[in-house]
Amino acid sequence: MPPLRAISRAEFIKMLRKAGFVGPESGGKYQYMVKGSLKLTIPNPHQGDISVGLLHRLLKQAGISQEDWHQLG
């Protein structure tokens, strides 16, 4: 399995949609995406690419394994 890599916000949202998430929706300072009862906050679009560390934390919150993430791509 290849290691995680930095990813653009647009690509991250596209992949989450493939995983069954809906959105992004506006909510306060940050946008979020929803899948069932799970609400995942999406990083600010002005901060550049999503780093590997942040991507790892977001995937953990979303309940998506690295293996499943690579299969979505």
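Residues numbered from 1 in each chain as written. Predicted model: local features only at pLDDT ≥ 70, side-chain atom pairs only at ≥ 80, totals over all residues. Heavy atoms only, no water.

Draft legend 1. Seen up close, the packing of aromatic side chains. Counted according to the given criterion, the structure contains one aromatic pair. Taken together, a centroid distance of 5.8 Å and an interplanar angle of 45 degrees make the contact between F12 and W69 tilted. Note that F12 is positioned in helix α1 (residues 9-18) and W69 in helix α3 (residues 66-72), a separation of 57 residues in sequence. Side by side, F12 and W69 carry an identical accessibility label, which is buried. The side chain of K39 reaches across the aromatic face of Y32, ending 4.2 Å from its centre. (Phe/Tyr/Trp six-rings, centres within 6.5 Å; stacked < 30°, edge-to-face > 60°. Helix = DSSP H or I, 4+ residues; strand = E, 2+ residues; numbered from the N terminus. Buried < 20%, exposed > 50% of the residue type's maximum accessible area, 1.4 Å probe, protein only. Lys NZ or Arg CZ within 6 Å of the ring centre and 35° of its normal.)

Draft legend 2. Fine view of the nonpolar core. Counting 19 residues, the largest nonpolar core has F12, L16, F21, L55, I64 and W69 as the members making the most contacts within it. Among the elements of the structure, α1, β3 (38-42), α2 (52-62) and α3 are those that each provide at least two residues to this core. Apart from the residues within four sequence positions on either side, W69 is in contact with L4, I7, F12, M15, L16, L55, L59 and I64. (Core = buried A, V, L, I, M, F, W, Y, C linked by side-chain atoms within 4.5 Å. Contact = heavy atoms within 4.5 Å.)

Draft legend 3. A look at the sheet that holds strand β2 (residues 30-35). If you trace the three strands from one edge of the open sheet to the other, you get β1-β2-β3, paired in antiparallel fashion. Each having just a single partner strand, β1 (22-27) and β3 make up the two edges of the open sheet. On average, each strand axis in the sheet is tilted by 35 degrees relative to the strand beside it, whichever way the strands run. Here β2 pairs with β3 via five bridges, running antiparallel. Of the residues in β3, the one forming a bridge with K35 is L38. Packed on one face of the sheet, α1 meets β1, β2 and β3 and runs near 165 degrees to β3. (Pairing = 2+ DSSP bridges. Axes fitted to C-alpha atoms, helices over the stretch in contact; angles between N-to-C directions.)

Scope: geometric values only; no functional claims are made or implied.
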